[in-house]
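Architecture at a glance
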Amino acid sequence: MKDSTLKQHNGKDPVAKGELSGAAGVTTVECGGPADFETAIAATGYGKFNFLLLLVALPCCMCTVFETTTISYVLPSAECDLHLSLVDKGTLNAVTYGGMISSAFLWGFLSDMYGRKRLLVYGFFLDGAFSVLCAISQNVVAIMIFKFMGGFVICGPFAVLMAYLSEFHSLEHRSRVMILVGIYYSIANVLLPSLAWIIIPQEWGFTLFGGTFAIHTWQIFLAVCCVPSLLSGVLVMFLPESPKFLMAKGRNQQAMAVFHRLYALNTGRSPHEYPIKELVDETQSGGDQGGAEKVTTGTGGGGGGGSGFHTGLQQILTMFRKPHLRNSLRAYGIQFGILFGLNTFRLWMPQLFTIIEEYEMDAASLYGSAHDGSLCDMLAYKVNKSNALLLNGAGAGGVSSTPLQNMAGGGGGGSGSFLIGTDDPNVLDMNKVILCEATIEGDMYLNSLIIGSVGVCAYMVTTVLINAIGNRNILVFGLLASGATGLLLYWSKSSLAILALSSIYITAASLGSTALVGSVVAIFPTSMRTMVVSLTMMFGRTGSIIGNLLFPYLMSLGCWPPFVMIGSVQIVVALAALTIPRTLRKPLQ
């Protein structure tokens, strides 16, 4: 039988059921009448082009992680150079998410108007440019501006990349590609602290223009982190436009040329042997051929005959009517709570490990030996020291001889008390140590690398078990585990215990967030699924901003408030997740 023959099984449509067959990655199809997108993309097979596309996707996925996370590794070493307060650090962590939220609705419309490829290329190049400008900035205000702009820009490629990848894969392979993208993000979370560990502790800094323009190693690290964005922009230039987008716009001749190219690369045969000879006109049929391809397009990909704004407005109105209102509000609230705790702790984690190292180093300089103290003691010491440096004007490397006052106010009580001059042997005397010195010890980066590696392993295991466990069970139990470890951090007494609890917290909450998106995809119909997922992520990013802005204020109030915040919020949303419908083996609407 030739490759141009479609095998029918028991009268079922093999395209709709995902039962396409073929040898060596070549799908067998019948060319009787115009083919829809799913039939056409399945006929191209799976081979060399798909492997190259997934290879290009790796630096593309790294861009988003680098844009949102690099600043958290910079803060400990830039603290003295930029004279940062704890509030400044929280704002720097949050400002990228502010940029992402401000452009959340823009990129979907632009993608449907101008195409996936063009937006990816321009978006990655602009993100790289803002990263370079951020790297050479000399004050905290400039860094905040460029990080905001970086978040504004990267929101587009972040959303469109999912659509672009899914639109080059058939139903048979699409879900696996989305899982692979999740692993890519985990790999990026391992690579980032590795780069920070290699670059930031070095002595590569220099000054220009008589010392008025200084470049430190943390700025070199920021500059290096723009490489994935620039590389992604260059690589995507050599890829074709999404054939789904071309069909939705009525440009079937160009879409057919793309299918020919994919077929030739994947099969090694002549493009003229491609079995599909005609494509359906999606501008006449409303662009809803099959519907399955819309599940993961990420930005809609609707027909070219309608208004993108009108379609988006209709989707929003549908979400606020029965029977979808209750489920959509649950999804938004749960994702808000998850990322409120997860991204707050994740972005403050390098700073927390730095606080531990700083406390231990200052203790060694005072007492000549290791000094036992709980995490509460360490946070109390850091808050007092930061306030002392800002109040007494001790700049980078400066020391103030002014007697310190009790600037942190009443603490959390017990070993977490923020009193200065106490007789408690576990609390360092701030009158003796107020030197601002950047902490760049390797343990901070090693701990982050370990946490990222735990996440990679957990995602791989979950990939195998997801069909047996179900999204809702992963969501509920993951959030319960995350909340419990967040509360247990309050009583942590050793670096090893803090590392173990941090790994569980971040990994379990991250899996919960991913499981929530999987549940949303199964709960909502195709016509509104993309918009619900987009709004779910927007509410999550809003939680990230609020959490990062609140965290330093809670630290100044005492030891227990920040850990109660990151722990209790996960437990609350875990209980809320019990009300989400089960989606295990549930067919898509």
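These figures come from a predicted structure and were not determined experimentally. (Residues numbered from 1 in each chain as written. Predicted model: local features only at pLDDT ≥ 70, side-chain atom pairs only at ≥ 80, totals over all residues. Heavy atoms only, no water.)

**Observations concerning the overall build of the protein**
Helices and strands together make up the secondary structure of the protein, namely 21 helices and two strands. The buried share of the protein, reckoned over its 589 residues, is 56%. A fraction of 80% describes how many contacts in the protein between residues 6 or more apart in sequence connect residues 24 or more apart. (Helix = DSSP H or I, 4+ residues; strand = E, 2+ residues; numbered from the N terminus. Buried < 20%, exposed > 50% of the residue type's maximum accessible area, 1.4 Å probe, protein only. Contact = heavy atoms within 4.5 Å.)

**Looking at the nonpolar core**
One finds Phe221, Phe259 and Leu475 to be the most contacted residues of the largest nonpolar core, which totals 136 residues. Element by element, the count of residues in this core is highest for helix H3 (residues 48-82), at 17 residues. Residues within four places of Phe259 in sequence aside, it is in contact with Phe37, Ala40, Ile41, Thr44, Pro243, Met247, Tyr274 and Leu279. (Core = buried A, V, L, I, M, F, W, Y, C linked by side-chain atoms within 4.5 Å.)

**A look at the pattern of salt bridges**
Tallied over the full model, the rule gives two salt bridges. A salt bridge links Glu67 to Lys147; its shortest N-O distance comes to 3.1 Å. Here the residue Glu67 occupies a position in helix H3, and Lys147 occupies one in helix H7 (residues 140-166), the gap between them amounting to 80 residues. For the salt bridge of Glu167 with Arg116, the shortest nitrogen-to-oxygen distance reads 2.8 Å. With a gap of 51 residues between them, Glu167 in the loop between H7 and helix H8 (171-199) and Arg116 in helix H6 (residues 116-135) connect regions that are remote in the sequence. Per residue, the accessibility class of Glu167 equals that of Arg116, and both read buried. (Salt bridge = Lys/Arg side-chain N within 4 Å of Asp/Glu carboxyl O.)

**Some details on the environment of Gly558**
When you line up the elements, Gly558 lands in the loop between helix H20 (526-557) and helix H21 (560-577). Gly558 sits in the buried class, given a relative accessible area of 1%. As a C-alpha pair, Gly558 and Ala380 span 178 residues in sequence and 7.4 Å in three-dimensional space.

**A few points about the side chain of Asn252**
Here Asn252 is to be found in helix H12 (residues 252-267). Only 2.9 Å separates the side chain of Asn252 from the backbone oxygen of Val280, close enough to count as a polar contact. In this view, Asn252 contacts Leu246, Met247, Leu279, Val280 and Asp281; residues no more than four positions away in its chain are not counted. (Polar contact = N/O pair within 3.5 Å; in protein donor to acceptor, adjacent residues only side chain to side chain.)

**Focus on a nonpolar patch on the surface**
Taken together, the side chains of Phe125, Leu230, Val234, Met237 and Phe238 define a hydrophobic patch exposed on the protein surface, amounting to about 450 Å² of accessible area. For the nonpolar patch, the element with the most residues is helix H10 (residues 227-237), which contributes three residues. With respect to the element layout, Val234 can be found in helix H10. (Patch = residues over 30% accessible without salt bridge, like charges linked within 9 Å, V, L, I, M, F, W, Y side chains within 5 Å. Areas by Shrake-Rupley, 256 points an atom, 1.4 Å probe, with all protein chains shown as cover.)

**Some words on the packing of H3 against H12**
In the contact formed by H3 and H12, the axes pass within 6 Å of each other and the chain directions differ by 100 degrees. The orientation of H3 relative to H12 falls into the category roughly perpendicular. In this structure, H3 contributes Lys48, Phe49 and Asn50 to the contact, and H12 contributes Leu262, Leu265 and Asn266. Residues of the contact of H3 with H12, tallied by class, amount to three nonpolar, two polar and one charged. (Axes fitted to C-alpha atoms, helices over the stretch in contact; angles between N-to-C directions. Parallel < 35°, antiparallel > 145°, perpendicular 65-115°, else oblique. Nonpolar A, V, L, I, M, F, W, Y, C, P; charged D, E, K, R; others polar.)

**Quick notes on the packing of H3 against helix H4 (residues 86-102)**
Their axes nearest at 9 Å, the elements H3 and H4 cross at an angle of 160 degrees. Compared by their axis directions, H3 and H4 come out roughly antiparallel. Where H3 crosses over H4, the handedness of that crossing is right-handed. From H3, Glu67, Thr68, Ile71, Ser72, Leu75 and Glu79 reach across to H4, where they touch Lys89, Leu92, Asn93, Thr96, Tyr97 and Met100. Of the residues assigned to the contact of H3 with H4, the class counts are five nonpolar, four polar and three charged. (Left-handed = near helix turned anticlockwise from the far one by under 90°.)

**Comments concerning the confidence of the model for the protein**
Per-residue pLDDT for the protein averages 74, and the proportion of residues at 70 or more is 72%. When pLDDT is averaged over each element of the protein, H10 comes out on top at 92 and helix H1 (residues 14-17) at the bottom at 38. Throughout residues 394-434 the model reports pLDDT below 50, and contacts reaching past four residues in sequence, or to other chains, amount to 106 contacts. Throughout residues 585-589 the model reports pLDDT below 50, and contacts reaching past four residues in sequence, or to other chains, amount to 13 contacts. (pLDDT = per-residue confidence, 0-100.)

**Structural notes on the environment of Ile571**
Tracing the backbone shows Ile571 in helix H21. According to the relative accessible area criterion, Ile571 is partly exposed, its value standing at 26%. Sequence-wise, Ile571 and Gly478 are 93 residues apart; in three dimensions their C-alpha atoms are separated by 9.7 Å. When near neighbours in sequence (up to four residues on either side) are disregarded, Ile571 contacts Leu479, Leu480, Gly483, Ala484 and Leu487.

**Side note on the environment of Val454**
Inspection of the secondary structure assignment puts Val454 in helix H17 (residues 442-469). The spatial distance from the C-alpha of Val454 to the C-alpha of Ser503 is 6.7 Å, given a sequence separation of 49 residues.

**Points about H4**
Each α-helix winds once per 3.6 residues, and so residues spaced three or four apart point in a common direction. With 17 residues, H4 ought to run about 24 Å at 1.5 Å a step, and its terminal C-alpha atoms sit 25 Å apart, in line with that. Of all the bends in H4, the greatest measures close to 30 degrees and is centred on Ala94. Counting buried positions over the 17 residues of H4 gives 13, a clear majority of the element. (Expected span 1.5 Å × (residues − 1). Bend = angle between axes of the 7 residues up to and from the residue.)

**Concerning the packing of aromatic side chains**
Overall, the coordinates contain 11 aromatic pairs when judged by the stated rule. With centroids separated by 4.9 Å and ring planes inclined at 5 degrees, the aromatic side chains of Tyr332 and Phe539 adopt a geometry described as stacked. Of this pair, Tyr332 sits in helix H15 (residues 325-367) while Phe539 sits in helix H20, and the two are 207 residues apart along the sequence. Each ring, one from Phe345 and one from Tyr505, has its centre 5.2 Å from the other, and the planes form 65 degrees; the classification is edge-to-face. One end of the pair, Phe345, is in helix H15; the other, Tyr505, is in helix H19 (residues 495-523), and 160 residues separate them in sequence. Of the two residues examined, Phe345 and Tyr505, each falls in the buried class. Taken together, the ring pairs connect Phe37, Phe259, Tyr263 and Tyr274 into an aromatic cluster. (Phe/Tyr/Trp six-rings, centres within 6.5 Å; stacked < 30°, edge-to-face > 60°.)

**Side note on H6**
Here H6 contains 20 residues, and its C-alpha end-to-end distance of 28 Å stays within 8% of the 28 Å for a straight helix at 1.5 Å per residue. By the burial criterion, the buried members of H6 are Arg116, Leu119, Leu120, Val121, Gly123, Phe124, Asp127, Gly128, Phe130, Ser131, Cys134 and Ala135.

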